[in-house]
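Overview (structure and organization)
Each chain, letter by letter, is given below.
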Amino acid sequence: MAAALTALALPASVQAESNGGTRIMPLGDSITDGLTVPGGYRIELWRKLVASGHRIDFVGSQFNGPASLGDRDHEGHSGWTISQIDANVVNWLRATTPRTVLLHIGTNDMFGNSSGAASRLSALIDRITSTAPSADVFVATIIPLNGAQSQVQAFNAAIPGIVSSKAAAGRRVHLVNMGSALTLSDLADGVHPNAVGYRKMADVWDRALRAVPGSIGDSNPPTTPPTTPPSTPPSTPPSTPQAGCRVAYAVNAWNTGLTASVTITNTGSTAINGWTLGFLLPDGQAITGGWNAGYTPTSGAVTARNVAYNSGIAPGASVDIGFQATHSGNTAKPSAFTLNAASCSVA
């Protein structure tokens, strides 16, 4: 179990790989390292990004994973706590200058002084953003943990507010709702994901990265030139572009609080440039903070509006938004959504 391990010195990097692509640092503990499945979520995340034409350079002082993982560098340290990452992160950042940081940390803190984990995470984020102010930092809520779920829920509940405060101060920090994407059945040993769990993590990271322009660079241009347009028009007129949207909505609730993770997908054939998502928040719920969108009002008929970096949604693409709210016992989901006044299907 990762929590039983304590590393006191930095292990030397076995190997470093670089292809000149966008530098991404997977940062965390044994879950980032990929205990139980060497390479962990990095395997599927690499595959997804490369398949979509992005050139990615994973960076870090650690190295592991199967041959199918095109870049095995990372900064995952088995057994490490938030404080241990904090004590070393400046050197790592200076050595690799990442464009993007994927941070999933705190699992090992849940076995000790979990009550101070949120403040330690806040300090770590400050350390990262002050050392690498131009990097986009994606901060994940941590995945479930057998035997410590109450500690995990309390820690995860504090993360949206931490991230929101950093973003409001101008830091390039983004919340990733990883905690609600996995269940205890996705764990191999009660702590680390199995293969299915790691694939779920990769899906969440992938969606989060695509929602922030520049975090994974631009996709590579096509390798073949466009064909010459036909000299005569087609025999049948082109079809009229169709509009459409789909919304997936997941709730993670505890005591009198909850977080809602919302994925908006453009199912139409034309790009969306600027959007507002409308929904009726169930009685007794009130939004206290959000990410990747602006929310008004905080209860009742709510409108979520895009922020500058996610105003465009290409056909088939998605954006992830979310919010933290209080509740009085009713943790139900909205029953209907509209995007730019058009009704959306609900996944």
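Attention in this report is confined to the structure presented alongside it.

What counts and what doesn't
- The written sequence of each chain sets the order in which its residues are numbered from 1.
- Per-residue local features of the predicted model are confined to residues with pLDDT of at least 70, and side-chain atom pairs are confined, for both listing and counting, to 80 or more; whole-chain, interface and lining totals are unaffected and use all residues.
- For side-chain calculations, the full set of non-hydrogen atoms in the structure is used, while hydrogens and water are omitted.
- What counts as a helix is a DSSP run of H or I of at least four residues, what counts as a strand is a run of E of at least two, and both are numbered from the N terminus.
- Here the expected span of a helix is defined as 1.5 Å times the quantity of residues minus one.
- Only protein chains enter the calculation, and the probe is 1.4 Å; a residue is then buried if its accessible area is under 20% of its type maximum, exposed if over 50%, and partly exposed in between.
- Only heavy atoms enter the contact rule, under which two residues are in contact if any of them lie within 4.5 Å.
- Just so you know, the count uses Lys and Arg for positive and Asp and Glu for negative, and it drops His and the chain ends.
- We define a salt bridge as a contact between a side-chain nitrogen of Lys or Arg and a carboxyl oxygen of Asp or Glu at a distance within 4 Å.
- Pairs of N or O atoms within 3.5 Å make up the polar contacts considered here, provided that, within protein, one atom can donate a hydrogen while the other can accept it, and that residues adjacent in sequence are counted only when both atoms are side-chain atoms.
- Between rings of Phe, Tyr and Trp, where Trp is taken as its six-membered ring, a pair exists when centres lie within 6.5 Å; planes separated by under 30 degrees are stacked, by over 60 edge-to-face, and by other angles tilted.
- DSSP bridges decide pairing: two strands pair if at least two such bridges lie between them.
- Note on method: axes are straight lines fitted to C-alpha atoms, helices fitted across the in-contact stretch only, with angles between N-to-C directions ranging 0 to 180 degrees.
- Residues belong to one nonpolar core when they are buried, are Ala, Val, Leu, Ile, Met, Phe, Trp, Tyr or Cys, and are joined through side-chain atoms within 4.5 Å.

Taking 1.5 Å as the rise per residue, helix α4 (residues 117-131) with 15 residues should run 21 Å; its terminal C-alpha atoms sit 21 Å apart, in good agreement. Of the residues making up α4, those classed as buried are Ala117, Ala118, Arg120, Leu121, Ser122, Leu124, Ile125, Ile128 and Thr129. Residues of α4 that are buried sit in contact with β1 (22-28), α3 (82-96), β5 (100-104), β6 (136-140), α5 (149-168) and β7 (173-176).

It is worth spelling out the side chain of Glu75 at this point. Within the secondary structure layout, Glu75 lies in strand β4 (residues 73-76). For Glu75, which is buried and forms no salt bridge, the nearest opposite charge comes from Arg42, at a distance of 11 Å. A distance of 2.4 Å separates the side chain of Glu75 from the side chain of Ser61, its partner in a polar contact. Discounting residues that sit within four places of it in the chain, Glu75 has contacts with Met25, Pro26, Leu27, Gly28, Thr32, Val59, Gly60, Ser61, Gln62 and Trp92.

Right, let's talk about the packing of aromatic side chains for a bit. With the rule as written, the count across this model stands at eight aromatic pairs. Taking the centre distance of 5.7 Å and the plane angle of 45° together, the rings of Tyr41 and Trp205 count as tilted. In this pair, Tyr41 is assigned in helix α2 (residues 41-51) and Trp205 in helix α6 (residues 195-210), connecting sequence segments 164 residues apart.

Next up on the list: the sheet that holds strand β9 (residues 257-266). Spatially, β12-β16-β9-β8-β19 is the arrangement adopted by the five strands of the open sheet, whose pairing is mixed. In this open sheet, the two strands that pair with only one neighbour each are β12 (286-291) and β19 (345-346). In this sheet, strand β16 (residues 318-326) lies alongside β12 in antiparallel orientation, the contact comprising five bridges. Paired with Gly290 across the strands is Phe323, a residue of β16. Along the sheet, α5 contacts β8 (245-254), β9, β12 and β16; its crossing angle with β16, the most-contacted strand, is approximately 110°.

As summarised here, the arrangement of the five strands in space is β13-β14-β11-β17-β18, forming an open sheet in which the pairing is antiparallel. The two strands at the open ends of the sheet, each matched to only one other strand, are β13 (294-296) and β18 (342-343). Bridging between β13 and strand β14 (residues 301-305) involves three bridges; their strand directions are antiparallel. When the bridges of β14 are listed, Gly294 appears paired with Arg305.

Burial of nonpolar side chains together is a common tendency in soluble globular proteins. Among the nonpolar cores identified, the biggest contains 33 residues, and Leu27, Leu103, Leu121, Ile128, Val139 and Phe155 are the most heavily contacted of them. Residue assignment for this core shows that the elements contributing at least two residues are β1, α3, β5, α4, β6, α5 and β7. Looking at this core, the element that brings in the most residues is α4, giving six residues. If we ignore the near neighbours within four places in the chain, the residues touching Ile128 are Leu27, Val89, Leu93, Val101, Leu103 and Val137. Within the second largest apolar cluster, 27 residues are counted, among which are Tyr41, Trp46, Tyr198 and Met201.

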